[in-house]
Amino acid sequence: MAQEYQNVFASTQRLGTNGIPCFGFHKADRRVTCFYFYLWDTDFGPAFIKICAYFPYPIKVWINGHEWAKRQAVQAGIEFTALSNGFASSQNPAALQEICDRLGPGTIEVFFQRWLAVLPLPLNDHDADAGYWWELSMRQIEISRTLVFDAPRRARAFFEALVVDNLDLGRPETLELIFGRQIRRGRLRRTQDVFKTKVVTRDTDVTINAFYKHSRIKQYLKDGRALRIETVVNSPDDLGCKRRLEHLPELQTKARDTNARLLDTERVGQGCVLASPAFERVAQSTLTEDGRRAPALRFGDPRVMALLGALCISLTALGFTHRSLRARVNHLLGIGYSANQMSYDLARLRRNGLIERRPHSNTYTLTAEGQRVALFYTKVHNRLLRPLLAADKVPAPPPLRQALATIDRHVNGYIDDARSEKRCLQLKTNIKVLTPKER
């Protein structure tokens, strides 16, 4: 039993003009008594039900789908290795996945009604016959996907590198793609703008969170051997779903798609290996299949690097337009960038097969090859060339600066030696041997 704030009915009293008292009722947060019943269910395992002792007597139910799936797998004779709140391995993964897909509104409703028949309730059968009873809705749903590493010793290094590369996960453009929802920036119908990436560290465990409205998607390392991607939906309205329990399958599908889109986004960022023929085709002027000239996108050209950097920013957006891409290029380039230049750059991006235009619209999207080229150009330039060219300055580690100073000293020594030999040779050629008469 505990005293907690709950959203219950409150009343007010006032006197009317005729002196007769008037009463009003409204919902408000009040500190009331709640009862927690901690249960051990034969199907769901550990669970709890919280019942508020104040009208309208709200009830909260907590269950764990992984525990339910484990018990169903044991009953079906499927061998598995348990992971805390998940599965590490299974003898029959397909059958285990089929069990997980079976968890739906009917199974949860049976659990709920079974325990309502056992627990003491503020309403009785007479209230139920009159139509006053509880109906389940979704308050918080967590849909996860777990990727287990075959070599757990490498899991932490991989995950820490993944966190560093995805600190921009909370950008609106990224969230728009991951959650599959349009983010509005205008004054009317403005999307709740709590866009941020939050990295939480507990002891040696790291969790990365990206927030969208009332919901979030998070990644963390499970038991040091599995990558867990989890979409936490605190309001089904965030994903365009209704709250009643009967809409759980729709919410599960959308949340699983969200997990998959996050993995796809990160996979593109990690697997940006570019084959040499593709690099040569983009970096040099070529001819398309219909005989048209495709202008080159030369690596290192400031305008090209700004253009592909803007494409990387638009990588997770649901398309871009002439106007939106030009604004990003202008910001990265730092100098004047006209609309004609943008039109020319869009044309050479299309001819090189890096972008494609949506039918009957002025919106463009990146192709698979365009994603690889944009990431390759940007990562090599920003993470390899620029740090190496500035490696003799203070931000670089001391051993690297010392090694470069040694190389520089030896190169200068060879140059000085070469210059000394050249001077000696010039002196030798300028010496004139005098005859005895000239002496």
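Shown above is the structure to which this text applies.
Each value, and the rule that gives it
- Residues numbered from 1 in each chain as written.
- Predicted model: local features only at pLDDT ≥ 70, side-chain atom pairs only at ≥ 80, totals over all residues.
- Heavy atoms only, no water.
- Helix = DSSP H or I, 4+ residues; strand = E, 2+ residues; numbered from the N terminus.
- Buried < 20%, exposed > 50% of the residue type's maximum accessible area, 1.4 Å probe, protein only.
- Areas by Shrake-Rupley, 256 points an atom, 1.4 Å probe, with all protein chains shown as cover.
- Axes fitted to C-alpha atoms, helices over the stretch in contact; angles between N-to-C directions.
- Parallel < 35°, antiparallel > 145°, perpendicular 65-115°, else oblique.
- Left-handed = near helix turned anticlockwise from the far one by under 90°.
- Contact = heavy atoms within 4.5 Å.
- Nonpolar A, V, L, I, M, F, W, Y, C, P; charged D, E, K, R; others polar.
- Phe/Tyr/Trp six-rings, centres within 6.5 Å; stacked < 30°, edge-to-face > 60°.
- Core = buried A, V, L, I, M, F, W, Y, C linked by side-chain atoms within 4.5 Å.
- Expected span 1.5 Å × (residues − 1).
- Arc of directions from axis to C-beta.
- Pairing = 2+ DSSP bridges.

Asker: When you look at the overall build of the chain in this model, what are you seeing that I'm missing?
Answerer: Across its full length, the chain holds 13 helices and 15 strands. Looking at the chain as a whole, 36% of its 439 residues are labelled buried. Carbon and sulfur atoms provide 53% of the accessible area of the chain, an area that totals close to 27000 Å².

Asker: I keep staring at the packing of helix α1 (residues 65-76) against helix α2 (residues 93-102) and nothing clicks. Help me out?
Answerer: Helix packing for two helices is described by the angle between their axes and how far apart those axes are. The geometry of α1 relative to α2 is characterised by a closest axis approach of 9 Å and an angle of 130° between their N-to-C directions. If you check the angle between α1 and α2, you find them oblique. Crossing handedness for the pair α1 and α2: right-handed. In this structure, α1 uses W68, A69, Q72, A73 and A76 to contact α2, whose residues at the interface are L96, I99, C100 and R102. The residue makeup of the contact of α1 with α2, split by class, is 7 nonpolar, 1 polar and 1 charged.

Asker: Hey, could you run me through the packing of aromatic side chains in this one?
Answerer: For any two aromatic rings, the description comes down to two numbers: the centre-to-centre distance and the angle of the planes. For the coordinates displayed, the defined rule picks out 14 aromatic pairs. Centroid distance F320 to Y364: 6.1 Å. Interplanar angle 25°. Geometry classified as stacked. Of this pair, F320 sits in the loop between α9 (302-313) and α10 (322-333) while Y364 sits in strand β15 (residues 364-366), and the two are 44 residues apart along the sequence. Taking relative accessible area as the criterion, F320 reaches 3% and is therefore assigned buried. For Y364, a relative accessible area of 10% corresponds to the buried category. When the ring of F376 is compared with that of Y377, the centres are 6.4 Å apart and the planes differ by 65°; the resulting orientation is edge-to-face. With a relative accessible area of 0%, Y377 lands in the buried category. These aromatic residues form a ring-pair network of at least three members: Y36, Y38, F48 and W62.

Asker: What exactly am I supposed to notice about the nonpolar core here?
Answerer: Proteins that are soluble and globular tend to have nonpolar side chains buried together. Core analysis: the biggest nonpolar cluster contains 55 residues, and I49, I59, I108, F159, F179, I217 and L251 have the highest contact counts within it. Filtering out sequence-adjacent residues up to four positions away, I59 remains in contact with I49, K50, I51, F112, L116, L121 and W134. Core analysis: the next-biggest nonpolar cluster, separate from the first, contains 27 residues, V282, A306, V373 and L375 among them.

Asker: Please clarify how α10 should be interpreted in this entry.
Answerer: Over its 12 residues, α10 runs 16 Å from end to end, which matches the ideal 16 Å to within 8%, given 1.5 Å per residue. Those residues of α10 lying buried are L325, R328, V329 and L333. Buried positions in α10, seen along its axis, are confined to an arc of 125° and lie on one side of it. Across from the buried face of α10, at angles greater than 90 degrees, the exposed residues are R323 and H331. A positive backbone phi angle near 80° is found at G334, which sits one or two residues after α10.

Asker: I tried to follow the sheet that holds strand β4 (residues 59-62) on my own but got confused; where do I start?
Answerer: Either a parallel or an antiparallel arrangement is found when strands of a sheet pair, and the pairing is made through backbone hydrogen bonds. Within the open sheet, the 4 strands sit side by side as β1-β2-β3-β4. Their pairing is antiparallel. Only two strands of the sheet have a single partner each, and these edge strands are β1 (2-15) and β4. Strand-to-strand twist of the sheet, defined as the mean angle between neighbouring strand axes without regard to direction, takes the value 15°. Strand direction decides the pairing type here: strand β2 (residues 21-41) and strand β3 (residues 45-52), joined by 8 bridges, are antiparallel. Looking across to β3, one finds that F35 is bridged to I51.

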